Amino acid sequence: MAAKELANVEPQERVILDKYLSDYPVKLGQLAKELGVTVKISSLGTGLSGQISREGNHYVIRVNRSEARERQRFTIGHELAHYLLHRHVIDSSPDGIRDTVLYRSGAPERIEYEANRLAADIVMPLPLVERELRNCFGGIVTEATIESLASRFEVSKAAMEIRLSTFAEA
Ligand SMILES: [Zn+2]
């Protein structure tokens, strides 16, 4: 099952989101654009992975240019999740939300937890992961499965490993 956060996305934005969750690797740049969010690969301070802030009437995500592409993709998912779920928190500070490498921002921990769960649903949609796991790997999670799925979804092995732990428990 997808995280409950997905159900908390506004209906209009959910329609946009769902269009992008049917193919992998998820086209995050296009998704952001359609949601009205600009993504910039930027020089962020050491220890920061991403930031989302309001600039005038729209929102800008900045992603640390020195991090690996797979990591940047998860960060974009995380910041988009803040946009979809926590816009009032972004709006309450001129700097918006600034996330450290551990995705901590000074916002309550629940907020970061929600953003991480929705980010996982965005970059690794469960129905797609499940389908690939079943069709290509007979539903069996091994080191090689994790590696191959990570590369298909363009995420880190660590992120995919966490994603697949859902199945291991089942
Ligand atoms: Zn965050």
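Presented here is a report on the structure given in the accompanying data block. Every residue gets a number counted from 1 within its own chain, in the order that chain's sequence is written. Under the rules for a predicted model, residues below a pLDDT of 70 receive no local features and side-chain atom pairs below 80 are neither given nor counted, while totals for whole chains, interfaces and linings still include all residues. Hydrogens and water molecules were not included; the side-chain quantities draw on all heavy atoms of the structure.

Here we look at the packing of aromatic side chains
Ring pairs shown here join Phe, Tyr and Trp side chains whose ring centres sit within 6.5 Å, with only the six-membered ring taken for Trp; geometry is labelled stacked below 30 degrees between planes, edge-to-face above 60, and tilted in between. In the structure shown here, the tally under the stated rule is three aromatic pairs. Seen from their ring centres, Y59 and Y83 are 5.1 Å apart, and the 70° between their planes marks the pair as edge-to-face. Here Y59 is found in strand β3 (residues 58-64), whereas its partner Y83 is found in helix α3 (residues 69-85), with 24 residues between them in sequence. Neither Y59 nor Y83 differs from the other in exposure class; each is buried. By the criterion adopted, a ring carries a charge over it if an Arg CZ or a Lys NZ lies within 6 Å of its centre and within 35 degrees of its normal. One Lys or Arg, R87, reaches over the ring of Y83 and ends 3.8 Å from the middle of that ring. Put simply, DSSP H or I for four residues or longer makes a helix, DSSP E for two residues or longer makes a strand, and each gets a number counted from the N terminus. Relative accessibility thresholds used throughout: buried, under 20% of the residue-type maximum; exposed, over 50%; partly exposed, between the two (1.4 Å probe, protein chains only).

What about the side chain of H86?
Mapping H86 onto the fold places it in the loop between α3 and α4 (87-91). H86 gets classed as buried once you look at its relative accessible area, which sits at 2%. Discounting residues that sit within four places of it in the chain, H86 has contacts with A81, I111, E114 and A115. We call two residues contacting when some pair of their heavy atoms lies within 4.5 Å.

Brief notes about the pairing of strand β2 (residues 48-55)
For β2, the tally of buried residues reaches six of eight residues, placing the bulk of the element in the interior. For two strands to pair, DSSP has to find at least two bridges joining them. Bridge analysis of β2 against strand β4 (residues 97-100) gives four bridges, and the strand direction is antiparallel. Considered in β4, the bridge of G50 is made with D99. Relative to β3, β2 runs antiparallel, the two being bridged by six bridges. Each residue of the ladder has a partner; that of Q51, found in β3, is R62. The loop that links β2 with its antiparallel partner β3 comprises two residues; one of these, G56, has a positive phi angle of about 65°.

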